[in-house]
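Observations on the model geometry
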Amino acid sequence: MRTPLVILAALSLACAAHGGDGRISISQTDIETSPFVYVITNSGSYMLTGNLDVGAPNMDGISVQAHDVTIDLNGFAIRSLASATRSGIVQSNKWSGLCVRNGAVSGWDGSGHAGIRALGDGNRVEDVVASGNYDGVRVGNGGLVVGCSAISNTHYGIYSGNGSVIRGCTAWKNSSRGISAGAGCVVVGCTARSNETDYALYAGDGSVVSRCAASVNEGDGIHAQSGVVVVDCAVWTNNGNGIEVRGGSVVRGCTLGRNGAGAIAVGEGSLVEGCSILSNRNVGITVGSGCGVRNCTVAYARNSAIQVTYDNRVEGNDCIGSGDNGIQVAYSGNYIAENSATRNDIGINCTVAGNAIVRNSAGQNTNANYSVVGGNQVGPIRSEAANV
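Given the structure is predicted, the values throughout are model-derived calculations rather than measurements.

1. What about the overall build of the protein chain?
When its secondary structure is counted, the protein chain shows 2 helices and 46 strands. Relative to the 2.2 N^0.38 estimate, which gives 21 Å for 388 residues, the radius of gyration of the protein chain is 27 Å and therefore markedly larger than a compact globule would have. When its C-alpha atoms are laid out on the principal axes, the protein chain stretches across 110 × 30 × 30 Å. For the protein chain, with 388 residues in total, the buried portion stands at 52%. Pairs at least 24 apart in sequence give 25% of the contacts found in the protein chain among residues at least 6 apart. Carbon and sulfur atoms make up 50% of the accessible area of the protein chain, which totals about 15,300 Å².

2. Comments concerning unusual backbone geometry
With a phi close to 55°, Val216 is a non-glycine residue in the positive phi region. Look at Val216 and you get partly exposed, because its relative accessible area is 35%. Within the chain, Asn295 stands out as a residue other than glycine whose phi angle is a positive 60°. Among the residues examined, Asn295 registers a relative accessible area of 48% and is labelled partly exposed.

3. Focus: the confidence of the model for the protein chain
Averaged over every residue, the pLDDT of the protein chain is 92; residues scoring 70 or more account for 93%. The secondary-structure element of the protein chain with the lowest mean pLDDT is helix α1 (residues 2–17), recorded at 32, while strand β19 (residues 186–188) shows the highest, at 99. Here residues 1–18 is a poorly scored stretch, pLDDT under 50, and it has 6 contacts once near neighbours within four places are set aside; other chains count.

4. Here's the deal with the pairing of strand β11 (residues 124–131)
Note: strand β9 (residues 98–106) against β11, 7 bridges, orientation parallel. Across the sheet, the residue bridging to Cys99 is Arg124, located in β11. Of the strand pairs in this sheet, β11 and strand β13 (residues 144–146) are connected by 3 bridges, and their pairing is parallel. Bridge assignment links Val125 to a residue of β13, and that residue is Val145.

5. Notes on the nonpolar core
The biggest cluster of nonpolar side chains holds 84 residues, and the ones touching the most others in it are Ile62, Ile71, Ile89, Val230, Ile285 and Ile306. Filtering out sequence-adjacent residues up to four positions away, Ile71 remains in contact with Ile40, Tyr46, Leu48, Ile62, Val64, Ile89, Leu98, Cys99, Val100 and Arg101.

6. Considerations on the environment of Gly132
Tracing the chain through its elements places Gly132 in the loop between β11 and β12 (135–139). Spatially, the C-alpha atoms of Gly132 and Cys148 are 14 Å apart, while their sequence positions differ by 16 residues. Those residues in contact with Gly132 that lie beyond four places of it in its chain are Gly107, Trp108, Asp109, Ile151, Ser152 and Asn153.

7. Details of the pattern of salt bridges
Scanning the model with the defined rule gives 10 salt bridges in all. With its nearest N and O atoms 2.6 Å apart, the salt bridge here joins Arg23 to Asp72. In this pair, Arg23 is assigned in the loop between α1 and β1 (24–26) and Asp72 in strand β6 (residues 69–72), connecting sequence segments 49 residues apart. For the pair formed by Arg23 and Asp72, the shared burial category is buried. For the salt bridge of Glu273 with Arg294, the shortest nitrogen-to-oxygen distance reads 2.8 Å. Linking Glu273 in strand β31 (residues 271–273) with Arg294 in strand β34 (residues 292–294), this pair joins segments that are 21 residues apart in sequence. Residue Glu273 is classed as buried on the basis of its relative accessible area, which comes to 16%.

8. A few points about the side chain of Glu126
Mapped onto the fold, Glu126 is located in strand β11. Not counting residues within four places of it along the chain, the set of residues in contact with Glu126 comprises Val100, Arg101, Asn102, Val146 and Cys148.

9. Notes on the environment of Arg313
Relative to the elements of secondary structure, Arg313 occurs in strand β37 (residues 313–315). Judged by its relative accessible area of 43%, Arg313 is partly exposed. For Arg313 and Ala337, which are 24 residues apart along the polypeptide, the C-alpha to C-alpha distance reads 7.9 Å. With residues up to four places along the chain from it excluded, the contact list for Arg313 reads Cys291, Gly292, Val293 and Tyr335. Looking at Arg313, its side chain comes within polar contact range of the side chain of Glu315, at 3.2 Å.

10. Here's the deal with the pairing of β6
In β6, alternate side chains face the same way, and those of Val69 and Ile71 on one face and Thr70 and Asp72 on the other are all buried. Sheet topology places strand β3 (residues 44–48) next to β6; 4 bridges connect them, and they run parallel. Paired with Ser45 across the bridge in β6 is Thr70. One ladder, built from 4 bridges, connects β6 with β9; its direction is parallel. Bridge assignment links Thr70 to a residue of β9, and that residue is Cys99.

Cut-offs applied
- Residues numbered from 1 in each chain as written.
- Predicted model: local features only at pLDDT ≥ 70, side-chain atom pairs only at ≥ 80, totals over all residues.
- Heavy atoms only, no water.
- Helix = DSSP H or I, 4+ residues; strand = E, 2+ residues; numbered from the N terminus.
- Rg over C-alpha atoms; globule rule 2.2 N^0.38 Å.
- Buried < 20%, exposed > 50% of the residue type's maximum accessible area, 1.4 Å probe, protein only.
- Contact = heavy atoms within 4.5 Å.
- Areas by Shrake-Rupley, 256 points an atom, 1.4 Å probe, with all protein chains shown as cover.
- pLDDT = per-residue confidence, 0-100.
- Pairing = 2+ DSSP bridges.
- Core = buried A, V, L, I, M, F, W, Y, C linked by side-chain atoms within 4.5 Å.
- Salt bridge = Lys/Arg side-chain N within 4 Å of Asp/Glu carboxyl O.
- Polar contact = N/O pair within 3.5 Å; in protein donor to acceptor, adjacent residues only side chain to side chain.

Set out below in structure tokens:
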């Protein structure tokens, strides 16, 4: 007669550990008796029922040691109250398929750790606020970070491995990079503002950065490696370059202004197209060899509006009111055509032979409309504002 009672008691305990939808509940009591860290060793769905406060030093909040785990923070926070901390949620690269959503992680500021440190492949972090950590959110390869805010973390705000997507996130006042994405990533609809050093938004080789805003950061607004596409971004008032990318990249349809170094700087074999630049504090557009610059407007740059090296095509641009040259050509092999240069110090300034400079218009420049040395292919100058 006692056996059914034992079975009933066991079932009652099991129900108490699960939410009504079958998720396993995690409470403050669980971490206090663990001690101080809740270890997940089985796949499944877990849910916080309140804030988790960890007061012991050198401890994680939740350690995930299984594949395919979902943790719903349920609007609550995992907080470290200790002076020496590890990570709020940690997963090694041995495991994969972690999903964390809907809550906050704060105070996990031990060097090399994070609010969420999910190093395995194919992890997701959604709708999480990460503040006052070392790294805010860090995911491995093939990750997805959506709708997260990283605020005042002492290293990176959001970091992803290769082949990841970061979408609709905000990085604010982090001490190093606001958002840092590995190779082959997509960063879309994100904002990076008032981050203190390095790059506000960084992307590795072969990545796409789209519809992002980077402003009032201490370093570069957007900094990326080779073969990157940066499109439809707004980049303003950063102390470094506005956008800097390495070779084989495309920068298209971006607006930039008042950046401290160059507005746009690209490596060899890149294309800059359809961008608008206002009141940059140094050069407007600087390109390596073999690049194209077309259909851009550069107004009131403190130095030259467009500055090129070897073998570039510069076509259809408007260069207005720059403190130095509208277009500066100091290397050979360039094709400069159908550009407009007005109210600069010198409209088009070419100091070496071996370039083609045709069908441009220049007028109302302070010292000269054209300054072109011999040995270049040019059209005749018919009047002060005529085509060349």
